[in-house]
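# Remarks on the overall topology
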Amino acid sequence: MSRRGRKLVAPLLLLLAVAGLYAVMRWTALERGRLSLLEGSLRDALAPAERGITLVVNRAGGWLATIKDYRRLQAENQALKEEVAALRAANVQMEEYRQENSRLRNLLNYTEVNRQAFDFAVAPVIGRNPSNWYHTLTLGLGSKAGLKKDQVVVTAQGVVGRIIAVTPTTAEVLLILDRDGAVGGMVQVNRTPGIIEGSPDYRGYLQMVHIARDAPVMENQVVVTSGLGGIFPRGLLLGTVVRVLPEPDGLMKRAIIEPAVDFDRLEELLVITRVKGGMGDGVSGAGTPGNGRPGSGSSPAAGL
Amino acid sequence: MAGLVLEAALLPAFKLAGVKADLLMVVLSIYAFLKGAPRGAALGLVYGLLEDLYLARFVGLNALTMMVTGYLVGLSKDALNRNNLLVPGILAFLATLGQGLMFLLVGHLAGFQYPWLAGLLAVVLPVAFYNGCLALLGYSFYQGGATWVARKRKIGSPS
């Protein structure tokens, strides 16, 4: 080949390459259902590596972002923790309010029902007697709020006791469970009267003592105050007879009574500040006997 | 004072067999056992008087019975092994039993007419058992704390 001819080879090859590449470019510009063998093989060969690298890059990016945002995330985490704690506390508080609302609603219903008979004051329980021998509790209202000795204390469930001492800001309530807190009572259905006092052997229960052997006192009968004694108005619910036992002398019997009030769960109480009259049996929750759960002591019903 | 407030406000929530633990008796038993009769009697008098004033009924009844109990428990100071964890538990049980019986006896003389058998079976014995268990637990904690403090001091002191 002449010198001139050799000089033309290179541009010619270049031209051919340009034309070839252009043709390939045009051919591959169209949407194709299948790739060529070369393209497909290359893609398949590189795919695992691509996948691995992409994974590493993504992970590393996440880690880097985490490291970069560590302080912010830490602050955010702390803030969220505080928010969770505050929400939990608020939730507990809300639950307290809900329960308090429910209790106060019950008391309000009771006061509405008995508006004709009594005036009431609502007093919170702030302490219980630390001794196992006496049954008293302390209210958070005293003489400043108009509370006086011998005022009767009740809940919507029934009788709690009577006030035995007052200070300007507190009042001590002697529960009917106490040996000295005896109340005049009667079986509602047949008017059998008796003295109701705390049972010394069945702790947490009341007992009606010195009942005549032939008196019609039976289990499941409701016991209410008789009004005798001048302190407790007539017709307030005391509890339900759960057992009748003979007295040791054989001539009398006694009835063990499950109190209507759960004395271990008292939080707000109603103090009867004035008796207007018009009180009859069946008021004061007589329809719901046995709400008290003395269960912490020996159960007289256990042997039934 | 804190014990009394705890007894009035918290312990009613932890009744067992219908009775509350008597924290003051537990503390008195352990204290008298560790410190001896005179100090035990003094603490018993203070605790009892405090409780009587708080209860405002038969003032002096608890003071008298707890003072005697503190004194009697204190007599065991040198006679019993204070490393034995069971000792305070048994002492608290016996002390509560004794104080309860004295309470019933002196109470009857003073006009507190609680039935003997019911008082013993439904109040004194359950409280004694409850107190015994608490004293056992409390003394174990006390011993553990004392050992820890002693070890810390030993490490901290120059050899």
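For every chain, the first residue of its written sequence is number 1, and the numbers climb from 1 along that sequence. The lettering of chains begins at A and the numbering of ligands begins at 1, in the order of writing. Where local features are concerned, this predicted model is filtered to residues with pLDDT of at least 70; where side-chain atom pairs are given and counted, the filter is 80 or more; whole-chain, interface and lining totals use all residues.

### Things to note about the overall build of chain A
- Per the convention used, a helix needs a DSSP run of H or I reaching at least four residues, while a strand needs a run of E reaching at least two, with both numbered from the N terminus. What chain A contains, in helices and strands, is three helices and 12 strands.
- Each residue is classed by its C-beta neighbour count within 10 Å, where at least 20 other C-beta atoms makes it buried, 12 or fewer makes it exposed, and intermediate counts make it partly exposed; the C-beta atoms are placed from backbone geometry. When the 304 residues of chain A are sorted by exposure, 31% land in the buried category.
- Two residues qualify as a contact pair if the distance between their C-beta atoms, derived from the backbone, is within 7 Å. Looking at chain A alone, contacts between residues at least 24 apart form 63% of all its contacts between residues at least 6 apart.

### Observations concerning the overall build of chain B
- Each helix and strand counted, chain B has six helices and zero strands in total.
- Listing the helices and strands of chain B from first to last along the sequence gives α-α-α-α-α-α.
- Each of the 159 residues in chain B was classed as buried or not, and the buried ones make up 40%.
- Excluding contacts between residues fewer than 6 apart, the proportion of contacts in chain B whose partners are at least 24 apart in sequence is 70%.

### Quick word on the sheet that holds strand β9 (residues 222-225) of chain A
All names here are of chain A.
- DSSP-based pairing: two strands are paired if at least 2 bridges between them are found. Strand order in the closed barrel formed by six strands is β6-β7-β8-β11-β10-β9, with antiparallel pairing between adjacent strands. Going from strand to strand, the sheet's axes swing by 40 degrees on average, the running direction of each strand aside.
- Direction of pairing for strand β8 (residues 206-212) relative to strand β11 (residues 252-259): antiparallel, over a ladder of five bridges. Bridging from a neighbouring strand, Gln207 pairs with Ile256 of β11. A fitted line through C-alpha atoms represents every axis, and for helices the fit uses only the stretch in contact; the resulting angles, taken between N-to-C directions, go from 0 to 180 degrees.

### Considering the packing of helix α2 (residues 23-35) of chain B against helix α4 (residues 61-74) of chain B
Residue and element names in this part refer to chain B.
- Remark: α2 packs on α4, axes separated minimally by 7 Å, with the N-to-C direction vectors making an angle of 40 degrees. Our classification of the angle between α2 and α4 gives oblique. Between α2 and α4 lies a crossing whose hand is right-handed. Residue-level contacts link Leu28, Ser29, Ala32, Phe33 and Lys35 of α2 to Met66, Thr69, Gly70, Val73 and Gly74 of α4.
- Classifying every residue of the contact of α2 with α4 by side-chain character gives five nonpolar, four polar and one charged. Our angle categories are set so that under 35 degrees counts as roughly parallel, over 145 as roughly antiparallel, 65 to 115 as roughly perpendicular, and the remainder as oblique. Left-handed describes a crossing in which the near helix is turned anticlockwise from the far one by less than a right angle; the clockwise case is right-handed. Here the nonpolar group is Ala, Val, Leu, Ile, Met, Phe, Trp, Tyr, Cys and Pro; Asp, Glu, Lys and Arg are the charged ones; every other residue, Gly included, is treated as polar.

### Side note on the pairing of strand β12 (residues 268-275) of chain A
- Relative to β12(A), strand β1 (residues 118-128) of chain A is paired through seven bridges, and the arrangement is antiparallel. By the bridge assignment, A:Val122 is partnered in β12(A) with A:Leu270.

### Things to note about the nonpolar core
- Among the nonpolar cores identified, the biggest contains 52 residues, and A:Val159, A:Val160, A:Val173, A:Val223, A:Leu238 and A:Ile257 are the most heavily contacted of them.
- In this structure A:Val223 touches A:Gly185, A:Val187, A:Gln188, A:Ile196, A:Met208, A:Leu238, A:Gly239, A:Thr240, A:Val241 and A:Ile257, once residues within four positions along its chain are discounted. As used throughout, a nonpolar core is a set of buried Ala, Val, Leu, Ile, Met, Phe, Trp, Tyr and Cys residues joined through C-beta atoms within 7 Å of each other.

### What to know about the confidence of the model for chain B
- pLDDT expresses how confident the predictor is about each individual residue, on a scale running from 0 to 100. Chain-level statistics for chain B give a pLDDT mean of 84 and a share of 89% at 70 or above.
- Among the scores for the predicted complex, ipTM is 0.73 and pTM is 0.66.

### Observations concerning helix α5 (residues 86-110) of chain B
All names here are of chain B.
- In this analysis, the expected span of each helix is defined as 1.5 Å times one less than the number of residues it contains. Taking 1.5 Å as the rise per residue, α5 with 25 residues should run 36 Å; its terminal C-alpha atoms sit 35 Å apart, in good agreement.
- Regarding α5, the residues found buried are Pro88, Gly89, Leu91, Ala92, Phe93, Ala95, Thr96, Gln99, Gly100, Phe103 and Leu104.
- Just beyond α5, the residue with positive phi is Gly111, at close to 110 degrees.

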